[in-house]
Amino acid sequence: MQFKYFPHTDEDIKTMLDKIGVKSLNDLYSEIPESLLFKKEYDLPEAMSELEIRNFLNKVGNENKQLTIFAGAGAYDHYTPSIIPNIVERSEFLTSYTPYQAEISQGTLHYIFEYQSMMAELTGMDVSNACMYDGATATAEAAIMAFNNKKKSTKVLVSETVDPKTVRVVKTYAKYHGFEIEMVAQKDGVTDKADMDAKFAEGGVGGMIVQQPNYYGIVEDYTGYADTCHDNKGLFVMNAVAADLALLKTPGEWGADVAVGDAQSLGVPVAFGGPYVGYLCVTEKLIRKMPGRIVGKTVDNKGQRAFVLTLQAREQHIRRQKATSNICSNQSLMALWVTIYMSLMGKQGIKEAAEMSYDAAHYLADQLVATGKFKMKYNNTFFNEFCVEYDGCADCLQKRFIENGILGGVKIDDHTIMFAVTEKRTKEEIDKLISIAKEDVK
């Protein structure tokens, strides 16, 4: 049977099968047990016209329940300027050509250059790449950099206050790159520096990874962490929520060698979990050891401004054994998205959004504690996300929230809920959540 968009003819298929010594396409699946094979007719609907399929998909989409989001844990419901989807579709940004062909990729190269410039400034670092798939894989790539940067290193340290989802990804990367991930203990929701110092003293440590704000929303004090790492010839890696850096001390100011994280907070919709965009910024001395693309600005033979990929030979991406990473193609569309967001919002706009998120989160925390049903899990400084202990059934409370159109936080354990608030949440929405939280829930 021939399909419209399948390019292979029956003759093509027969030639390929003959080449590998197989009689039919079904023989390719001969190792699958007969009991696992699906032998019925596929329950597929009849073909539809464009109008019919649009109506059908709209109907399906309308079955989703839209909730007011008070949850975070790495995905934050920030404002997206309505003009962004229109700008990302402009023709100069949409090209089928690789950025290696600079003469016909100036639009792509230009926005990557601007993205790098903005992210370097936001993180306080010297250089940014463009870009990584998400914050978790960016952190994993930083762990590999730390391992490779120090001779005779066998492990990389990760704080227990780093997002568990990120830790799982980092451990997976480490397993197949031949080094260990050792966790540094936490005390009262923050990293135990004494434990980190002791583990460095044991030797063989390539670097230390921390998170700011950490998984519990706490703004940690990382004074002295960079010194410990550098004294032991290790790298200090800081994972940070990009939008929060508008107000917080930057990774560069903390003395970090590598700054990583997710830039989803810069106007990318939560979108059921993706796509997101990971950032990775480094000090100048690590520029040739970082994965991903780097775009530079130059002039052409007419003296006009031009942008080109720089500092990396193309062979890095086609000769695996010479590559610094497996990142070659990437979601630069989302790098464009956050570049437009930062351009539209400006420094002051991003700062104001962060301030609004901070103020709203502290208002919610104070009001929840005032109900008498909650108490703060940790008595530490937090930004726009925090953990509270609930004196009742957390599952029951969250179910009540959902029944009232609210996604009420992320459950950390049987009695702990982590709430996140962004600039999108109004006082009326916050007060509605508080009024539900005051009720007796069973």
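Structural notes, computed from the coordinates.

The rules we used
- Residue positions are given per chain, counting from 1 as you read along its sequence in written order.
- Per-residue local features of the predicted model are confined to residues with pLDDT of at least 70, and side-chain atom pairs are confined, for both listing and counting, to 80 or more; whole-chain, interface and lining totals are unaffected and use all residues.
- The side-chain values count all of the structure's non-hydrogen atoms but skip hydrogen atoms and water molecules.
- We call two strands paired when DSSP finds no fewer than two bridges between them.
- Every helix listed is a DSSP run of H or I at least four residues long, and every strand listed is a run of E at least two residues long, numbered separately from the N terminus.
- A fitted line through C-alpha atoms serves as each axis, taken over the contacting stretch for helices, and the angle formed by two N-to-C directions is quoted from 0 to 180°.
- Every case where a carboxyl oxygen of Asp or Glu lies within 4 Å of a side-chain nitrogen of Lys or Arg is listed as a salt bridge.
- When accessible area is computed with a 1.4 Å probe and restricted to protein chains, residues below 20% of their type maximum are described as buried, those above 50% as exposed, and intermediate ones as partly exposed.

## What about the sheet that holds strand β13 (residues 374-376)?
The four strands are arranged β13-β14-β17-β16 in an open sheet whose pairing can be described as antiparallel. Both outer strands of the open sheet, β13 and β16 (410-413), are each paired with one neighbouring strand and no more. Each strand of the sheet is rotated relative to its neighbour by a mean of 35 degrees, with strand direction disregarded. Examined bridge by bridge, strand β14 (residues 385-390) and strand β17 (residues 416-420) share five bridges and lie antiparallel to one another. When the bridges of β17 are listed, Cys-387 appears paired with Met-418.

## Description of unusual backbone geometry
Ala-130 connects to Cys-131 through a cis peptide bond whose omega is -10 degrees. Residue placement: Cys-131 occurs in the loop between β2 (127-128) and α5 (135-149). A cis geometry characterises the amide bond from Gln-212 onward to Pro-213, with omega recorded as -15 degrees. Position of Pro-213 among the secondary structure elements: in the loop between β7 (205-212) and α8 (225-231). In this model, Lys-152 sits at a positive phi of 65 degrees, which is unusual for a non-glycine residue. One non-glycine residue, Lys-233, lies in positive phi territory at about 60 degrees.

## Describing the pattern of salt bridges
Considering all chains together, one arrives at 21 salt bridges under this definition. Where Arg-54 meets Glu-50, a salt bridge forms, and the shortest distance between an N and an O atom there is 3.1 Å. Placement of the pair is Arg-54 and Glu-50 together in helix α2 (residues 50-61), with a separation of four residues, close to one helical turn. For Arg-54, a relative accessible area of 51% translates into the label exposed. The salt bridge partner of Glu-389 is Lys-375, with a shortest N-O separation of 3.6 Å. Linking Glu-389 in strand β14 with Lys-375 in strand β13, this pair joins segments that are 14 residues apart in sequence. Note on Glu-389: relative accessible area 23%, which makes it partly exposed. Each member of the salt-bridge network shares a partner with another, and the members are Lys-155, Glu-182, Asp-195, Lys-199 and Glu-202.

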